[in-house]
Amino acid sequence: MAYLLMFVTLLHIITLAILFIATMEKSWWVWEGMENSDLWYNCRFDNFTGTWLCASSKETEWLQAVQVLMVLSVVFSSVSFLVFLGQLFTMSKGGLFYFTGLCQVFAGLAAFSAALIYTLHNKEILQDSRELTSGRFGYCFNLAWVCVPLLLCSGVVYIHLRKKE
């Protein structure tokens, strides 16, 4: 039981870190030639100064939906971890971690919705940017998709996890 508890806690921390990186880093769409776009900024690498030049992304309804869903996913997963820690020390023997599991499942569904919207509507989201055919999805987009099954699996494990002494 102690190993399962350590595994679930470690999985939750890793998933939360990956989710936070996917939300905040600047690589949801990458073009050849050192230019990329994320949920918040469009950035271009300036070879002369050796720095990134960033401008705010144009706000579209689809981009705002992705932003809200990713932030909501981070919030749900963070609340889930804090509630898990609280339940771990205050819950009576034999109790189940239902609320923690449901928060993780909602975080997974929010991340799934955000990644799906970005997949289906990237033309509308990146409408003022360069030609999309010369670009590809970046690693943060892939991290968001990796988080979905991890969040859903950890949510199911939390729902079935029973506190023992």
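Cut-offs and rules
- Residues numbered from 1 in each chain as written.
- Predicted model: local features only at pLDDT ≥ 70, side-chain atom pairs only at ≥ 80, totals over all residues.
- Heavy atoms only, no water.
- Disulfide = S-S within 2.5 Å.
- Helix = DSSP H or I, 4+ residues; strand = E, 2+ residues; numbered from the N terminus.
- Buried < 20%, exposed > 50% of the residue type's maximum accessible area, 1.4 Å probe, protein only.
- Pairing = 2+ DSSP bridges.
- Axes fitted to C-alpha atoms, helices over the stretch in contact; angles between N-to-C directions.
- Contact = heavy atoms within 4.5 Å.
- Core = buried A, V, L, I, M, F, W, Y, C linked by side-chain atoms within 4.5 Å.

## A word on the state of the cysteines
So, point 1. Applying the stated criterion to the full structure yields 1 disulfide.
So, point 2. Sulfur-sulfur distance for the disulfide between Cys43 and Cys54 comes to 2.1 Å. What sets the handedness of the Cys43 and Cys54 disulfide is the S-S torsion sign, and at about 110° it is right-handed. Taken together, the positions of Cys43 in strand 3 (residues 41-46) and Cys54 in strand 4 (residues 51-56) put the pair 11 residues apart, joining distant regions of the chain.
So, point 3. Assessed through its relative accessible area of 1%, Cys43 is described here as buried.
So, point 4. With relative accessibility at 43%, the residue Cys54 sits in the partly exposed group.
So, point 5. Just so you know, Cys147 is unpaired, no disulfide at all, and the nearest cysteine sulfur is the one on Cys140, 10 Å from it.
So, point 6. Taking relative accessible area as the criterion, Cys147 reaches 0% and is therefore assigned buried.
So, point 7. Free cysteine: Cys153, not disulfide-bonded; nearest cysteine sulfur from Cys147 at 12 Å.

## Concerning the sheet that holds strand 3
Backbone hydrogen bonds hold the strands of a sheet together, and the pairing may be parallel or antiparallel.
So, point 1. Strands sit in the order 4-3-2-1-5 across an open sheet of 5 strands; the sheet is antiparallel. Lying at the two open borders of the sheet, with one neighbouring strand each, are strand 4 and strand 5 (135-137). Each adjacent strand pair in this sheet contributes to an overall mean axis angle of 20°, direction not counted.
So, point 2. Of the strand pairs in this sheet, strand 1 (residues 29-31) and strand 2 (residues 35-37) are connected by 3 bridges, and their pairing is antiparallel. When the bridges of strand 2 are listed, Val30 appears paired with Asn36.

## So, the environment of Ser37
So, point 1. Inspection of the secondary structure puts Ser37 in strand 2.
So, point 2. For the pair Ser37 and Trp62, spaced 25 residues apart in the sequence, the C-alpha separation amounts to 15 Å.
So, point 3. Excluding residues that lie within four positions of it along the chain, Ser37 makes contacts with Lys26, Ser27, Trp28, Trp29, Trp31, Asn42, Ser57 and Leu126.

## Structural notes on the nonpolar core
A general trend in soluble globular proteins is that nonpolar side chains are found buried together.
So, point 1. Counting 27 residues, the largest nonpolar core has Leu19, Trp28, Leu39, Val66, Met70 and Tyr118 as the members making the most contacts within it.
So, point 2. Counting only elements with at least two residues in this core, the list comes to helix 1 (2-24), strand 1, helix 2 (61-90), helix 3 (98-120) and helix 5 (139-160).
So, point 3. It is helix 3 that contributes the most residues to this core, 7 residues altogether.
So, point 4. The next biggest cluster of nonpolar side chains, apart from the first, holds 7 residues, and it includes Phe84, Met91, Tyr158 and Leu161.

Just geometry here; none of it tells us what the structure is for.
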